[in-house]
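Examination of the molecular architecture
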Amino acid sequence: MNPPIACQHLQGSLDLRTLYVLDHQLYMTEGLVECRHCRTPYWVELVEAVPRLRLFRIHVLDLTTTRATLHSLDKGSCDLTRAQQEIVHLCSLSTPLPAWLVQADGLFSHLYSWPSGREPSMDNWRTLAGDQSLADLLR
Ligand SMILES: [Zn+2]
């Protein structure tokens, strides 16, 4: 299977729709979203949050596997372990993009390309310091 590639609509302002919330802390911290124009699916994961601004890592997902996983989750299996395994499998097939997804005032607004030489770690908000150093780059 070829690695999934990002759609052309990630240039400029974004129009993403939430498909499935995987984790939340008053707001979504991890989830599956799709492009409203072409339905390319993405996995987003919070890396840092400051007032009015959140940064997410964004990965492109395989369309067929995403549809199958969502269908399986919609059916409502009583086996939570299996649902978790399906999500882990889906995310393992993803391709990370070299940018952060910026959410301003609760809306996904644009991608911010990683500054050269500043490739972020693959940790997420649960393990990163949360020192606002990433958000400071955008100010
Ligand atoms: Zn698109």
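In this numbering scheme, every chain counts its residues from 1 along its sequence in written order. In keeping with the model being predicted, local features are shown solely for residues with a pLDDT of at least 70 and side-chain atom pairs are shown and tallied solely at 80 or more, while totals for entire chains, interfaces and linings include all residues.

Right, let's get into the pairing of strand S3 (residues 41-50). Each residue is classified by how many other C-beta atoms fall within 10 Å of its C-beta atom, where C-beta atoms are placed from the backbone; a count of 20 or more means buried, 12 or fewer means exposed, and values in between mean partly exposed. A run of H or I in DSSP counts as a helix once it spans at least four residues, and a run of E counts as a strand once it spans at least two, with each numbered from the N terminus. Burial analysis of S3 places eight of its 10 residues in the buried class, which makes it a mostly covered element. Two strands are counted as paired when DSSP detects at least two bridges linking them. Of the pairings in the sheet, the one linking strand S2 (residues 28-35) to S3 comprises five bridges and is antiparallel in character. Note on S3: the bridge partner recorded for Val33 is Tyr42. Between the end of S2 and the start of S3, which pair antiparallel, lie five residues, with Arg39 showing a positive phi angle near 70°. Alignment of S3 against strand S4 (residues 53-60), held across eight bridges, turns out to be antiparallel. Residue pairing across strands places Ala49 opposite Arg54, the latter belonging to S4. Two successive antiparallel strands, S3 and S4, enclose a turn made up of two residues, where Arg52 displays a positive phi of approximately 70°.

Moving on, we come to the sheet that holds strand S6 (residues 107-113). Strand-to-strand pairing in sheets goes through backbone hydrogen bonds, with the strands running parallel or antiparallel. Judged by pairing direction, the sheet is antiparallel, and its six strands sit side by side in the order S1-S2-S3-S4-S5-S6 without closing on themselves. Strands with a single pairing partner mark the edges of an open sheet, and in this sheet they are strand S1 (16-24) and S6. Going across the sheet, the axis of each strand differs from the next one's by a mean of 35°, ignoring polarity. Here six bridges tie strand S5 (residues 95-104) to S6, and the two strands are oriented antiparallel to one another. For helices, the fitted line uses only the C-alpha atoms of the stretch in contact; every axis is such a line through C-alpha atoms, and the angle between N-to-C directions lies from 0 to 180 degrees.

For a helix, the expected span equals 1.5 Å multiplied by the residue count minus one. Taking 1.5 Å per residue as the helical rise, helix H1 (residues 63-75) with its 13 residues ought to reach 18 Å, and the 18 Å between its terminal C-alpha atoms agrees with that figure. In the segment just after H1, Gly76 is the residue with positive phi, at about 75°.

With that settled, the discussion passes to the packing of H1 against helix H2 (residues 80-92). Viewed as axis vectors pointing N to C, H1 and H2 meet at an angle of 165°, and their least axial separation amounts to 10 Å. It follows from the interaxial angle that H1 and H2 lie roughly antiparallel. With respect to the hand of their crossing, H1 and H2 are arranged in left-handed fashion. In contact with Thr65, Thr66, Thr69, Ser72 and Leu73 of H1, H2 contributes Ala83, Glu86, Ile87 and Leu90. By the convention adopted, Pro, Cys, Tyr, Trp, Phe, Met, Ile, Leu, Val and Ala count as nonpolar, Lys, Arg, Asp and Glu as charged, and the other residues, Gly among them, as polar. Looking at the contact of H1 with H2 residue by residue, the classes come out as four nonpolar, four polar and one charged. For classification purposes, angles smaller than 35 degrees are called roughly parallel, those larger than 145 roughly antiparallel, those between 65 and 115 roughly perpendicular, and all remaining angles oblique. Note on convention: near helix rotated counterclockwise from far helix by under a right angle means a left-handed crossing. Clockwise means right-handed. Distance between backbone-placed C-beta atoms decides contact: two residues are in contact if it is within 7 Å.

This part covers the nonpolar core. Here, a nonpolar core denotes buried Ala, Val, Leu, Ile, Met, Phe, Trp, Tyr and Cys residues that are linked to one another through C-beta atoms within 7 Å. One finds Tyr42, Val44, Phe56 and Leu101 to be the most contacted residues of the largest nonpolar core, which totals 17 residues. Counting residues per element, this core draws most heavily on S3, which supplies five residues. Setting aside residues up to four positions removed in sequence, Val44 forms contacts with Glu30, Gly31, Val33, Phe56, Ile58 and Leu101.

These results come straight from atomic positions and should not be treated as a statement about function.
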